[in-house]
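Letter by letter, the chains look like this.
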Amino acid sequence: MRANCWEGKKKVRVEQVPDPKILNSRDAIVRITSTAICGSDLHLFNAFVPTMEKGDILGHEFMGEVVETGPGLKGNLKVGDRVVVPFPIACGSCFSCQKGLFSVCENTNPNAWLAEKMFGHATAGIFGYSHLTGGYAGGQAEFARVPFADVGPLKVPEGLTDEQVLFLSDIFPTGYMGAEMCDIQGGDVIAVWGAGPVGQFAIASAKMLGAERIIAIDRFDYRLRMAREKAGATDTINYEDINVLEALKEMTGGRGPDACIDAVGLEAHGHTAMYAYDRAKQAMMLESDRPIALRETILACRPGGIVSVIGVYGGLVDKFPMGAVMNKGLTIKTGQCHVHRYMRPLLERIQRGDIDPSFVITHRLQLDEAPHGYDIFNNKEDECVKVVLKP
Amino acid sequence: MATQLESRPETVGFENFEYGEPDRRQNEAGYQQTRSQDGNAEQLARFLGWFSIGLGIAEIVAPTQLAEMIGVENKPGVFRLMGIREIGSGIAILSQEQPAGAVWSRVAGDMLDLALLGSQLDSDNPERQKTLAATMSVLGVTAVDLYTAKSLSQQSNWGRSRSRVNGGRRSPRDMVESGSGIKVKTAVTIGRPIGEVYGFWRNFENLPRFMSHLLSVEVDGRRSHWTAVGPANMQVEWDAETVEDRPEELISWRSLPGGQVDTAGYVRFRQAPGNRGTEVVVEMRYDPPGGVVGASIAKLFGESGQEVVTRDLQAFKNVLETGEVVHSDSSIYTRAHPARPPEEKELEKSRLMNTEGAVR
């Protein structure tokens, strides 16, 4: 089959690779009908994440049709079922899964020892996201092997297009979890750093959850426009034009937003983090992240408020305003999205017409055009917000 | 004497007589023999150590007199050098926990002495009789050195502890931490009842199902025969005995002398708080074939002891919680491999592929 593979910094290539095989008894093989490029894929593209190997297949947002099932799947999933696959791989049986913390499943990362060196503990396996998360082949391909197929994949009802449900795999639940973590009460003002696809869904979710005012912060006017016109932001700030902290003070009568969402992550504009990779020892970070967005969320947030971090970070940060966090009594909530627990409720919202997630799509390309897709997404060219690939 | 050296009597950890039944098949007399045998070798080694030092001093202080005594040419320089060598051997024997190597070096020195004496045994030497007598003596000493060196080498590190008859009970942790080799320690919590977790581990023949480096385990009472894959895919084998077996608490083991790997370890089981299941702690040490060098090579090939044990324990958890070892597209290989599906032939070759079903 053809698959989009990582071949080095800023280099991806669609190559001919073997078809996936059933390796565990609860696996399923899915023929992929739609797949997308995620903002976190750019961290791999720009070589910020250690433990990548040339030839790794990328992609963790995908959906399609089940074409083969392992012997352990007892009729829950059948050949021909149309499914969306969540990006974290979860077993459903461990302590974490039982608690609904699917993105930290204890059983699905066979490279636990590697993750332990970096984070202290292993987290769940993830499709196509380096050997740190298990070295699973990703979904920017024609087929994918899906472990624990009776736990993750969500069956898609008739009448919904791929584009309407594809983002249940990652970015919609992620944005939603970001907003949910803000614990939105009536009258709340929410500020969202980052108007990329995840930021757009965070804004839309904050609106669904009853936020009174939602302020989108970014530097690209076209993204701020989408936030305002499609996602439901009430105000926008272009941080290249005005000072964010001052603007937020003014917009909130000096209080600060009740909750701040960081939908930016480690590649915050202007930062130059580097990681060195060492296979036999702990991965060493030579230079720390400069979490510009994260710092701002902390300084901007009203005392006693919540900072909700859904942007991806990988290593160590420098000059972190811990004093502000402690003294203002902030609550920081964060995590890789526990997609499994949001898929069904969010599918219902889509079916009810509360939201049509396809609004973020700006480019539809063939799988073979993946390298071009990465380029325009990375450079924010051609008013790119979200690229969907068709194998 | 030869039969005593060759026999491998069965032993039970003398530390734990109060736990469980001693193995009735064990040869009680054989056990006694081993203990005194070990003590013998130790005492001999010590004697040889002091003997070396004494002889060395004589060679340095009175080389001329010594040369006269054994009927060889007076070469004080040579004698003094040999004296230094003797003292070195003596110190090495007396100062090391494991003097086997130093005693072997005495054997090497004896060979040298015999060669030198032998060269002086020709008919040119007027004092041939003395030299012959000296040669006989050295041969005698060589025999003692050889016997001692062999006895010491046959014992594992733990064999030494057996000789401390009144050494008192050594805890499983002691037995690991006081030994040599690579040490690893790791822990995992498994969401299954303690009886199930203990029971699964206790049946050692289960272990290759999740321990990736084990090929097979054959159990025979308290003894077991292990076959594993070492660095660079070489196969290694050893025998082990279960030292302690406290149901739902602790299993400890150690390898027996004569195997290719020297290893010891324990696994401790404990009820986890709430209803989280069972806490499992594993600590072990092993001298891989080739010692520490072998371990470094293993790391180059991508697997260090700590990684392997961590992975094995996680695989153990996988099997008990989900029914099988969870694999990614790249984890079925021991070496680095890109995250992409395997070819058919790669899959067949993969030793790690295990879609085996369950315990339940």
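Residues numbered from 1 in each chain as written. Chains lettered and ligands numbered in written order. Predicted model: local features only at pLDDT ≥ 70, side-chain atom pairs only at ≥ 80, totals over all residues.

Sorry if this is basic, but what is going on with the overall build of chain B here?
A tally of helices and strands in chain B yields 12 helices and 7 strands. For chain B, contacts bridging at least 24 residues in sequence account for 58% of all contacts bridging at least 6. (Helix = DSSP H or I, 4+ residues; strand = E, 2+ residues; numbered from the N terminus. Contact = placed C-beta atoms within 7 Å.)

I'm lost on the overall build of chain A in this one. Help?
Along the backbone of chain A there are 12 helices and 19 strands. Radius of gyration (C-alpha) of chain A: 20 Å, near the 21 Å computed for a compact globule of 391 residues. Every one of the 391 residues in chain A was classed for burial, and the buried ones make up 55%. For chain A, long-range pairs separated by at least 24 residues make up 71% of all intrachain contacts whose partners lie at least 6 apart in sequence. (Rg over C-alpha atoms; globule rule 2.2 N^0.38 Å. Buried ≥ 20, exposed ≤ 12 C-beta atoms within 10 Å, placed from the backbone.)

I keep staring at the domain arrangement of chain A and nothing clicks. Help me out?
The accessible area lost on association of the parts is a frequent measure of interface size. Residue and element names in this part refer to chain A. Here chain A is described as being made up of domain 1 (2-170 + 337-390) and domain 2 (171-334). The C-alpha-based centres of domain 1 and domain 2 are spaced at 24 Å. Contacts between domain 1 and domain 2 engage 31 residues on the former and 26 residues on the latter. Elements that contribute at least two residues to the side of domain 1 that touches domain 2 include exactly helix H1 (39-45), helix H3 (112-119) and helix H11 (340-352). Ranked by the residues each element gives to the side of domain 1 that touches domain 2, the list is headed by H1, at 4 residues. Residues of the side of domain 1 that touches domain 2, tallied by class, amount to 18 nonpolar, 6 polar and 7 charged. (Domains from an automatic or database assignment. Nonpolar A, V, L, I, M, F, W, Y, C, P; charged D, E, K, R; others polar.)

Explain the sheet that holds strand S4 (residues 235-246) of chain B to me, please; I cannot follow it from the model alone.
Working definition: the strands of a sheet are paired by backbone hydrogen bonds and lie parallel or antiparallel to each other. Residue and element names in this part refer to chain B. Sheet architecture is open: 7 strands sit in the order S1-S7-S6-S5-S4-S3-S2, paired in antiparallel fashion. Strands with a single pairing partner mark the edges of an open sheet, and in this sheet they are strand S1 (182-190) and strand S2 (214-220). Neighbour-to-neighbour, the strand axes of this sheet turn through a mean angle of 20°, independent of strand direction. Along the sheet, helix H11 (residues 305-322) contacts S1 and strand S7 (278-287); its crossing angle with S1, the most-contacted strand, is approximately 20°. (Pairing = 2+ DSSP bridges. Axes fitted to C-alpha atoms, helices over the stretch in contact; angles between N-to-C directions.)

For this particular structure, what's the right way to read the confidence of the model for chain B?
Residue and element names in this part refer to chain B. This prediction gives chain B a mean pLDDT of 77; 76% of its residues lie at or above 70. Scored below 50 in pLDDT, residues 1-37 makes 40 contacts in the model with residues more than four places away or belonging to other chains. Across residues 354-360, where pLDDT falls below 50, the model places 18 contacts with residues more than four positions away in sequence or in other chains. Reported for the predicted complex are a pTM of 0.74 and an ipTM of 0.89. (pLDDT = per-residue confidence, 0-100.)

In this structure, what is going on with helix H9 (residues 292-300) of chain A? I would like to understand it.
Three- or four-residue spacings in an α-helix give side chains the same orientation, since the helix completes a turn every 3.6 residues. If you check which residues of H9 of chain A are buried, you get Ala-293, Leu-294, Glu-296, Thr-297, Ile-298 and Ala-300 of chain A. Those residues of H9 of chain A that are buried lie in contact with strand S10 (189-193), helix H8 (244-251), strand S13 (259-262), strand S16 (306-309) and helix H10 (322-327) of chain A.

Explanation requested: the nonpolar core in the structure shown.
Nonpolar side chains in soluble globular proteins tend to end up buried together. Grouped together as the largest cluster of nonpolar side chains are 123 residues, with contacts concentrated most on Val-30, Ile-190, Val-192, Ala-202, Ile-203 and Ile-261 of chain A. The element best represented in this core is helix H6 (residues 197-208) of chain A, accounting for 6 residues. In terms of domain composition, this core takes at least three residues from each of domain 1 (2-170 + 337-390) and domain 2 (171-334) of chain A. What Ile-190 of chain A contacts, discounting residues up to four positions off in sequence, is Cys-182, Ile-184, Ala-206, Ala-211, Ile-214, Pro-257, Asp-258, Ala-259 and Ile-261 of chain A. Within the second largest apolar cluster, 31 residues are counted, among which are Ile-182, Phe-210, Tyr-266 and Tyr-286 of chain B. (Core = buried A, V, L, I, M, F, W, Y, C linked by C-beta atoms within 7 Å.)

Just to check I follow, could you spell out the interface of chain B and chain A for this structure?
On the chain A side, the residues contacting the 31 residues of chain B number 34 residues. Here the side of chain B that touches chain A is composed, by residue class, of 9 nonpolar, 12 polar and 10 charged.

Help me out: how do you make sense of the pairing of S2 of chain B in this one?
A regular strand places its side chains so that they alternate between the two faces of the sheet. Residues and elements named next belong to chain B. Of the pairings in the sheet, the one linking S2 to strand S3 (residues 223-229) comprises 6 bridges and is antiparallel in character. Within the sheet, the bridge partner assigned to Leu-214 lies in S3 and is Ala-228. Counted along the chain from S2 to the antiparallel partner S3, the turn is 2 residues long, and its residue Gly-221 has a positive phi close to 70°.

I keep staring at the packing of H8 of chain A against H9 of chain A and nothing clicks. Help me out?
Angle between the axes and distance between the axes are the two parameters that describe a pair of packed helices. Residues and elements named next belong to chain A. Relative to each other, H8 and H9 sit at 30°, their axes nearing to 10 Å. H9 is crossed by H8, and the crossing has right-handed handedness. Contact with H8, carried on its side by Val-244, Leu-245 and Leu-248, involves Glu-296, Leu-299 and Ala-300 of H9 and no other residues of that element. (Left-handed = near helix turned anticlockwise from the far one by under 90°.)

In this structure, what is going on with unusual backbone geometry? I would like to understand it.
Working note: non-glycine residues mostly have negative phi, and peptide bonds are mostly trans. Residues and elements named next belong to chain A. One non-glycine residue, Ala-47, lies in the positive phi region at around 60°. Topologically, Ala-47 is positioned in the loop between H1 and strand S4 (61-69). In the Ramachandran plot, Ser-130 falls in the positive-phi region, its phi being about 80° despite a non-glycine side chain. A count of 24 C-beta atoms within 10 Å places Ser-130 in the buried class.

Any chance you could explain the environment of Glu-61 of chain A here in plain terms?
Residue and element names in this part refer to chain A. Mapped onto the elements of the fold, Glu-61 is located in strand S4. Owing to 31 C-beta atoms within 10 Å, Glu-61 belongs among the buried residues under this scheme. Each C-alpha atom of the pair Glu-61 and Leu-166 lies 7.2 Å from the other, and the pair is 105 residues apart in sequence.

I tried to follow the sheet that holds S16 of chain A on my own but got confused; where do I start?
Residues and elements named next belong to chain A. Pairing is parallel in the open sheet, where 6 strands are placed in the order S12-S11-S10-S13-S16-S17. If you trace the sheet from one side to the other, it starts and ends with strand S12 (235-238) and strand S17 (331-334), each paired once. Averaged over all neighbouring strand pairs, the angle between strand axes comes to 20°, with direction disregarded. With 4 bridges connecting them, S16 and S17 associate as parallel partners. The residue of S17 that forms the bridge with Val-309 is Thr-334. Along the sheet, helix H7 (residues 221-231) makes contact with strand S11 (213-218) and S12, crossing S12 at roughly 170°.

Would you take a moment to explain the environment of Gln-366 of chain A for this structure?
Residue and element names in this part refer to chain A. Inspection of the secondary structure assignment puts Gln-366 in strand S18 (residues 363-366). A tally of 12 C-beta atoms within 10 Å means that Gln-366 is categorised as exposed. Separated by 332 residues in the primary sequence, Gln-366 and Ser-34 place their C-alpha atoms 9.6 Å from one another. Not counting residues up to four positions away in its chain, the partners in contact with Gln-366 are Leu-389 and Lys-390.

Is there a simple way to explain the environment of Leu-166 of chain A in this structure?
All names here are of chain A. Among the secondary structure elements, Leu-166 is positioned in the loop between helix H4 (162-165) and helix H5 (171-180). With 26 C-beta atoms packed within 10 Å, Leu-166 lands in the buried category. Taking the C-alpha atoms as reference points, Leu-166 and Phe-62, separated by 104 residues in sequence, lie 6.5 Å from one another. In contact with Leu-166, other than residues within four places in its own chain, are Ser-34, Ala-36, Glu-61, Met-63, Val-84 and Val-388.

What is the right way to look at H3 of chain A in this model?
Every buried residue of H3 of chain A is listed here: Ala-112, Trp-113, Leu-114 and Ala-115 of chain A. The secondary structure elements touched by the buried residues of H3 of chain A are H11 of chain B. Following H3 of chain A by one or two positions, Gly-120 of chain A has its phi on the positive side, about 95°.

Looking at this model, I keep getting lost on the pairing of S12 of chain A. Mind explaining?
Residue and element names in this part refer to chain A. Relative to S12, S11 is paired through 4 bridges, and the arrangement is parallel. The partner of Ile-215 across the bridge, within S12, is Asp-235. Read as a crossover between parallel neighbours, the route from S11 over H7 to S12 is right-handed. (Right-handed = clockwise from strand over helix to strand, strands pointing away.)

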